[in-house]
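Here is how the chains run, residue by residue.
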Amino acid sequence: MKAFVNEFKEFISRGNVMDMAVGVVVGSAFTSIVNSLVNDIIMPIVGIITGGIDFSSLKIGLGGAQIAYGNFLNAIINFLIVAFAIFCVVKAMNTFREKSAELIGIQKAEEETATPVCPFCFEEVKEGATRCPHCGAEIPAAQVPGTEEAPAEA
Ligand SMILES: [Zn+2]
């Protein structure tokens, strides 16, 4: 039983659950926006174009039953809008991720190619050199750029 509780704790704290909860909440809020967009803005415009047809009132009487195919059309349009919006968001996020990966790559390449500099004459010296070939000064290993980072952590 204890193992079961621990497993449940782990499951909750893993982050996936929280992400999922956020997704669900944002998703339902997003759904109401899309519904409003479709019902209040797009469908009236469609109605104007199609000559004053209110989609949600479109029905066919069939025997005693009513087939509300207008609502069905609304649902299809809702779905298309949601799919399109999500496609745009995912596309934007992919572009952002590619850009940031590119930037990180450039930064890393710059760090790797950074040449150490003599602290006295500021001429470039070879990695690991202890004496500057330009001014002849002794180069303290700690002052060569690249190794001087992380100032004295107490
Ligand atoms: Zn020098």
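Quick caveat: nothing in here was measured; it's all calculated off a predicted structure. (Residues numbered from 1 in each chain as written. Predicted model: local features only at pLDDT ≥ 70, side-chain atom pairs only at ≥ 80, totals over all residues.)

1. Considerations on the overall build of the protein chain
Tallying secondary structure elements over the protein chain gives three helices and two strands in all. Ordered by position from N to C terminus, the α and β elements of the protein chain give α-α-β-β-α. The 154 residues of the protein chain split such that 5% are buried. A fraction of 27% describes how many contacts in the protein chain between residues 6 or more apart in sequence connect residues 24 or more apart. (Helix = DSSP H or I, 4+ residues; strand = E, 2+ residues; numbered from the N terminus. Buried ≥ 20, exposed ≤ 12 C-beta atoms within 10 Å, placed from the backbone. Contact = placed C-beta atoms within 7 Å.)

2. Re the environment of Tyr69
For Tyr69, the position within the fold is in helix H3 (residues 69-113). Of the residues examined, Tyr69 has 12 C-beta atoms within 10 Å and is grouped as exposed. Remark: the alpha-carbon pair of Tyr69 and Leu58, spanning eleven residues in sequence, is separated by 6.2 Å. Excluding residues that lie within four positions of it along the chain, Tyr69 makes contacts with Leu58 and Ile60.

3. Overview of unusual backbone geometry
The phi dihedral of Phe122 is positive, around 60°, even though this residue is not glycine. Within the fold, Phe122 resides in the segment after H3. The exposure class assigned to Phe122 is exposed, which follows from the 11 C-beta atoms found within 10 Å.

4. What about H3?
Taking 1.5 Å per residue, 45 residues should reach 66 Å; H3 reaches 66 Å between its end C-alpha atoms and fits that length. Within H3, only one of the 45 residues are buried, leaving the element largely exposed. (Expected span 1.5 Å × (residues − 1).)

5. Observations concerning the confidence of the model for the protein chain
Predicted confidence across the protein chain gives a mean pLDDT of 79, with 88% of residues reaching 70 or more. Least confident of the elements in the protein chain is strand S1 (residues 60-62), whose mean pLDDT is 79; most confident is helix H1 (residues 2-13), at 84. (pLDDT = per-residue confidence, 0-100.)

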